[in-house]
Each structure stands twice: as C-alpha cells, then as structure tokens.
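Residue-level structure breakdown
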Amino acid sequence: MKFFVDTADVKEIRELNALGLLDGVTTNPSLILKSGGDIKKVTKEICSIVDGPVSAEVVATEYDQMMREAKILAKIASNVCIKVPLTLDGLRACKSIRSDLNRDVNVTLCFSANQALLAAKAGATFISPFVGRIDDTGSDGMELIAEIKTIYDNYDFTTEILTASVRTVNHVKQAALIGAHVVTAPPATLRALVSHPLTDKGLAAFLADWAKTGQKIG
Ligand code: E4P
C-alpha cells in the first residue's frame, strides 16, 4: 500500500519524507490556502522533496480552461499529478491529460461507485473517494472503497484507489484490509500509525533493565 500525505505544509512533508515512508503528496485548494503559499512555488518545492506523484488541483470548471491550467501545472515538475474534479468536464480533461500530456491524473471528490467507474473509463491514474466526508453524513465511507475495489477488479481497471479524506488510523487499516492501493492522510494521522501503549510500556521496561546492567553497546 502506498502512503501519500495530504498537506501542502512543506516542513511536514520534509520531516515525513525523511522517515522513508512517503510515496507521494496530495494537495487541494483548501490545503494551499492553509499553507499560505503560492500554488506554483509550493508545488515546485514539494516536488523537489518527494520523488512520487504530487497532486496539484485545477480550479477551472470548464474543459478548455482546465486544460490550460493542467498544462501550466504540468510544467512545474515531471512528478506533478494533475487533479481534476469528478464532473463531465473533469472526466473529459482527465482523458486528454492522460493522452495528450501523458500525465498522471487524480480524479477527486468521488462519492459514489458509479463516479469511480466513470473515472476508470476516463483513464484516471487515481480515483479519490472521500471516506471521512461520507462518514460525516452518517453513511460508511469504507463501503464505497469496497464497492470500487470489486468493480475495478471485475474489469481489471488499472486506476488506483486513493483513499482520501482520511480522519483516523482505523480508516487506514480498513482501506488496507480492503486492498485500496493508496491512502492519503494528514501528517498527524500518518504519525499516529506507529503508536501503541504497549510499545511505549515495553520500551520503558527494556530501557530500565538495560540501565541496571551498567553496560554500553557503543
Ligand atoms: C484528497 O486528495 C483531499 O485533499 C483530502 O483527502 C480531503 O480531505 P478532507 O475531507 O479532510 O478535507
């Protein structure tokens, strides 16, 4: 399973990348706003830190302008993955970006299995179902991940399921159990994956006993 971090915070990305666990980055207009930076400068800096795909989102809603923006974003770095919304214009742009610009495309704002089916038919590299936002409405976001997995497997679609809007470590575990290809999570959620009270307790006990031996390894 690939781990992407869902942030435009360059400091966080640098720290997580140093751990060697990062396979890519996802950003969106809200995350760019939160970073306080210019989209082109921030995206360029992120692309220089991380080797994997860095999703940068078009903000146009109409095909021609989407394509203009996609070309500008694609010029920033070779690992920019163009993010487009799950609309008819977005799907058309997805197809063109894949064939004409030969770029990875992340189709975002997916809330149904049929939308995911359309994205796969449009040749999307990634489909981003927003599990947390579905949970917020009282439905189960993970059911959507399972449905998409079944549909993609039924037809051998190569589009990767990028579990997005992740809020908890349990979302990560469930996505992995279903077999989603990628999870994108906020930095705090990625860091929380390592935590277990018994690990902390066990380490404290080992270190206390080690101190009593009076020995040193190096
Ligand atoms: C994915 O690419 C989106 O940026 C993100 O996961 C949205 O998450 P949110 O619902 O927490 O805003």
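First, a word on scope: everything that follows refers to the structure included in this document. (Residues numbered from 1 in each chain as written. Predicted model: local features only at pLDDT ≥ 70, side-chain atom pairs only at ≥ 80, totals over all residues. Heavy atoms only, no water.)

Concerning the state of the cysteines
- Taken as a whole and judged by the stated rule, the model has zero disulfides.
- For Cys81, which is in no disulfide, the shortest distance to another cysteine sulfur is to Cys94 and amounts to 9.3 Å. (Disulfide = S-S within 2.5 Å.)

Some words on the pattern of salt bridges
- Under the criterion given, the structure shown has 10 salt bridges.
- Glu15 is the salt-bridge partner of Arg191, the closest N and O atoms lying 3.1 Å from each other. With Arg191 in helix H10 (residues 187-192) and Glu15 in helix H1 (residues 10-18), the pair connects residues that are 176 residues apart, well separated along the chain.
- For the salt bridge of Glu57 with Lys83, the shortest nitrogen-to-oxygen distance reads 3.8 Å. One end of the pair, Glu57, is in strand S3 (residues 54-57); the other, Lys83, is in strand S4 (residues 80-85), with 26 residues separating them in the sequence. With respect to class, Glu57 is no different from Lys83; both count as buried.
- Shared partners join several salt bridges into a network, and the residues in it are Lys11, Glu12, Glu15 and Arg191. (Salt bridge = Lys/Arg side-chain N within 4 Å of Asp/Glu carboxyl O. Helix = DSSP H or I, 4+ residues; strand = E, 2+ residues; numbered from the N terminus. Buried < 20%, exposed > 50% of the residue type's maximum accessible area, 1.4 Å probe, protein only.)

Some thoughts on the nonpolar core
- The biggest cluster of nonpolar side chains holds 59 residues, and the ones touching the most others in it are Ile82, Val84, Val107 and Ile127.
- Element by element, the count of residues in this core is highest for helix H4 (residues 63-76), at seven residues.
- With residues up to four places along the chain from it excluded, the contact list for Val107 reads Val84, Pro85, Leu86, Leu91, Cys94, Ala119, Ala124, Phe126, Ile127 and Ser128.
- By size, the runner-up hydrophobic cluster in this structure holds five residues, among which are Cys81, Phe126, Leu162 and Val182. (Core = buried A, V, L, I, M, F, W, Y, C linked by side-chain atoms within 4.5 Å. Contact = heavy atoms within 4.5 Å.)

Considerations on the sheet that holds strand S8 (residues 182-185)
- An order of S1-S2-S3-S4-S5-S6-S7-S8 is seen for the eight strands of this closed barrel, with the pairing classed as parallel. The average undirected angle you get between the axes of adjacent strands in this sheet is 30°.
- Bridge count for S4 against strand S5 (residues 105-110) is four bridges, and the pairing is parallel. Bridging across to S5, Pro85 finds its partner in Thr108.
- Helix-sheet contacts for helix H3 (residues 39-49) involve strand S2 (24-26), S3 and S4, and the interaxial angle to S3 is about 170°.
- Contacts between H4 and the sheet are confined to S3 and S4, with S4 contributing the most and set at about 160° to the helix. (Pairing = 2+ DSSP bridges. Axes fitted to C-alpha atoms, helices over the stretch in contact; angles between N-to-C directions.)

Describing the environment of Ile13
- In this structure, Ile13 sits in helix H1.
- Sequence separation between Ile13 and Ser112 is 99 residues, and the spatial gap between their C-alpha atoms is 30 Å.
- Beyond its immediate chain neighbours, meaning those up to four positions away, Ile13 contacts Val5, Thr7, Ala8, Leu22, Val25, Ile46, Ile49 and Val50.

A closer look at unusual backbone geometry
- The phi angle at Leu109 is positive, at roughly 65°, despite the residue not being glycine.
- Tracing the backbone through its elements, the reader meets Leu109 in strand S5.
- Overall, the relative accessible area of 33% leaves Leu109 in the partly exposed class.
- At Ser165, a position not held by glycine, the phi torsion is positive, near 55°.
- Locating Ser165 in the fold gives a position in the loop between strand S7 (160-163) and helix H9 (169-178).

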